[in-house]
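Next come the chains, spelled out residue by residue.
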Amino acid sequence: MQLLPVNLAYFLEVARTGSVTEAANALNVAPSAISRQVAKLESGIGVPLFARHPRGMTLTEAGSRLLAHARRAETESTTLLEELRTGRGAEARSVAVACSEGFARRLVPRAIADFRRAHPDVAFRVDVVARQEATRRVVEGLADVAVTYTMGPQHDVRVECAVVVPVAAIVPLGHELAGRDRIGLADLCGYPLALASPGTSQRELFDIGAQLEGLTVRPALVCDSLGPQYEFVRAGGGLALVGDLGDLGHIRQDTSTEGVAYVPVDHPVFRQREAQVQTATGRRPSWSATQFTELLVAALRRDRSP
């Protein structure tokens, strides 16, 4: 059963397949019916939603924005139908979380465990994705909440909480820098480094800071996954840089079990990066998603507090 208006449902399928013919096959309707509904939708809105090509159709900017709305509406419709059919309230539904790897290490799974102690009937799905992808999933209704990193203002989501992310060097236990209160970028660059790839916010800020100080950076290891970076440090290969509250919220705790120590890195460039809890605008969240979001906000602020 479909709760979406017919023209929106047809638009959604054309956007998915990139073809009127394939959309018609998927929906088991005539291609002419698909074309009429899409044309009617474009006429009513007053702008083209697709660019027509000999081998298919691609979304215009307006079409991409409508697609995000349509996906949110589709997700809400599916959830509502499931609740109506099963007789279960919104408090019993699952919660989808999108987050970066750093938050997936500690903060998010611990928040889930805390939540389920009080509400064991709520199930969770956690997708570990890049920061922009986490935001996109919330915008398009594929996730109820995101815990991710940003640089600059956010316009398409509701920011429930934002904190500046500290950055620290990961050094082996007993390393000469391990006892320092803080270090600078020049200290870091005196050792082999494991860094994230240039497309990540942390690496982008590191490169800007190094350039401002005239430092030459030749990473010994480039890897976006935290696991190999930690093992590189533990094995004595060099140092690594981490800017994840999932790890840095535990700097004050005994880290000897991890075989590494954390040393804060002092540079103003890193103050441009925030950790955020994000939810969708214009969409009614379930009770469980709302309550879990509040728990995440409290956990993020607690991990950031001195």
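None of the values given here were measured: they were computed from a predicted structure.

**Q** Describe the overall build of the protein chain, naming the residues involved and giving the relevant values.
**A** Scanning the protein chain from terminus to terminus reveals 12 helices and 12 strands. Among the 306 residues that make up the protein chain, the fraction classed as buried is 48%. Taking all contacts inside the protein chain whose residues are at least 6 apart in sequence as the whole, residues at least 24 apart take part in 75%. When the accessible area of the protein chain is evaluated, it comes to approximately 15,000 Å², of which 51% is carbon and sulfur surface.

**Q** Describe the environment of Leu-193, with residues and values.
**A** By secondary structure assignment, the location of Leu-193 is in strand S8 (residues 193-195). Residue class for Leu-193 comes out buried when judged on its relative accessible area of 3%. On a C-alpha basis, the gap between Leu-193 and Leu-239 in space is 5.0 Å, while along the polypeptide they are 46 residues apart. Residues within four places of Leu-193 in sequence aside, it is in contact with Leu-188, Phe-206, Pro-219, Ala-220, Leu-221, Phe-232 and Leu-239.

**Q** Now, about the nonpolar core: what can you tell me, with residues and values included?
**A** Formed by 23 residues in total, the largest nonpolar core has its most connected members in Phe-103, Val-108, Val-277, Phe-292, Leu-296 and Leu-300. Looking at this core, the elements with two or more residues in it are strand S3 (95-99), helix H6 (107-118), strand S5 (145-150), strand S6 (157-164), strand S12 (274-280) and helix H12 (287-304). Ranked by size, the runner-up nonpolar core spans 21 residues in total, among them Ala-9, Leu-12, Val-20 and Leu-66.

**Q** Which residues make up the sheet that holds strand S4 (residues 124-128), and what values do they have?
**A** Read from one edge to the other, the open sheet built from five strands follows the order S4-S3-S5-S12-S6, with strand pairing classed as mixed. With one partner strand each, in any of the chains shown, S4 and S6 form the two edges of the open sheet. Taken over all neighbouring pairs, the strand axes of this sheet differ in orientation by 20° on average, direction set aside. By the bridge criterion, five bridges tie S3 to S4 in an arrangement that is parallel. Among the inter-strand pairings, Val-95 is bridged to a residue of S4, identified as Phe-124. Lying over the sheet, helix H7 (residues 131-139) contacts S3, S4, S5, S6 and S12, oriented at roughly 145° with respect to S5.

**Q** So what's going on with the confidence of the model for the protein chain? Residues and values would help.
**A** With 89% of its residues at a pLDDT of 70 or more, the protein chain has an overall mean of 85. Predicted confidence is poor over residues 245-254, with pLDDT under 50, and the contacts of this stretch with residues over four places away or in other chains come to 33 contacts.

**Q** Let's hear about helix H9 (residues 201-212): which residues, and what values?
**A** For an α-helix, the turn length of 3.6 residues means that residues three or four places apart are oriented alike. A rise of 1.5 Å per residue sets the reference length of H9, with its 12 residues, at 16 Å; its end C-alpha atoms lie 17 Å apart and thus fit the reference within 8%. Those residues of H9 that fall on the buried side of the exposure criterion are Ser-201, Gln-202, Arg-203, Leu-205, Phe-206, Gly-209 and Ala-210. Of the surrounding secondary structure, the elements contacted by the buried residues of H9 are H7, S5, helix H8 (185-188), S8, strand S9 (221-222) and strand S10 (239-242). Residue Gly-214 follows H9 closely and has a positive phi angle near 70°.

**Q** Please provide a residue-by-residue account of the pattern of salt bridges, values included.
**A** A pair can form between side chains of opposite charge whenever their charged atoms are brought close. Taken as a whole and judged by the stated rule, the model has 13 salt bridges. For Arg-117, the salt bridge is made with Asp-114, and the minimal N-O distance between the two is 2.2 Å. Of the two residues, Arg-117 and Asp-114 both sit in helix H6, three residues apart, roughly one turn of that helix. Taking the shortest distance from any N to any O, the salt bridge between Glu-133 and Arg-137 comes out at 2.8 Å. With Glu-133 and Arg-137 both in helix H7 and four residues apart, this pair spans about one turn of that helix. The class for Glu-133 is partly exposed, based on a relative accessible area of 21%. Sharing partners across several salt bridges, the network here consists of Arg-71, Arg-125, Asp-127, Glu-133, Arg-136, Arg-137 and Glu-140.

**Q** Provide a residue-level description of helix H10 (residues 226-234), including the pertinent values.
**A** Buried residues of H10: Leu-226, Gln-229, Tyr-230, Phe-232 and Val-233, and no others. On an axial view of H10, the arc spanned by its buried residues comes to 160°, and they lie on one face. One or two steps after H10, the chain reaches Gly-236, where phi turns positive at roughly 85°.

Cut-offs and rules
- Residues numbered from 1 in each chain as written.
- Predicted model: local features only at pLDDT ≥ 70, side-chain atom pairs only at ≥ 80, totals over all residues.
- Heavy atoms only, no water.
- Helix = DSSP H or I, 4+ residues; strand = E, 2+ residues; numbered from the N terminus.
- Buried < 20%, exposed > 50% of the residue type's maximum accessible area, 1.4 Å probe, protein only.
- Contact = heavy atoms within 4.5 Å.
- Areas by Shrake-Rupley, 256 points an atom, 1.4 Å probe, with all protein chains shown as cover.
- Core = buried A, V, L, I, M, F, W, Y, C linked by side-chain atoms within 4.5 Å.
- Pairing = 2+ DSSP bridges.
- Axes fitted to C-alpha atoms, helices over the stretch in contact; angles between N-to-C directions.
- pLDDT = per-residue confidence, 0-100.
- Expected span 1.5 Å × (residues − 1).
- Salt bridge = Lys/Arg side-chain N within 4 Å of Asp/Glu carboxyl O.
- Arc of directions from axis to C-beta.

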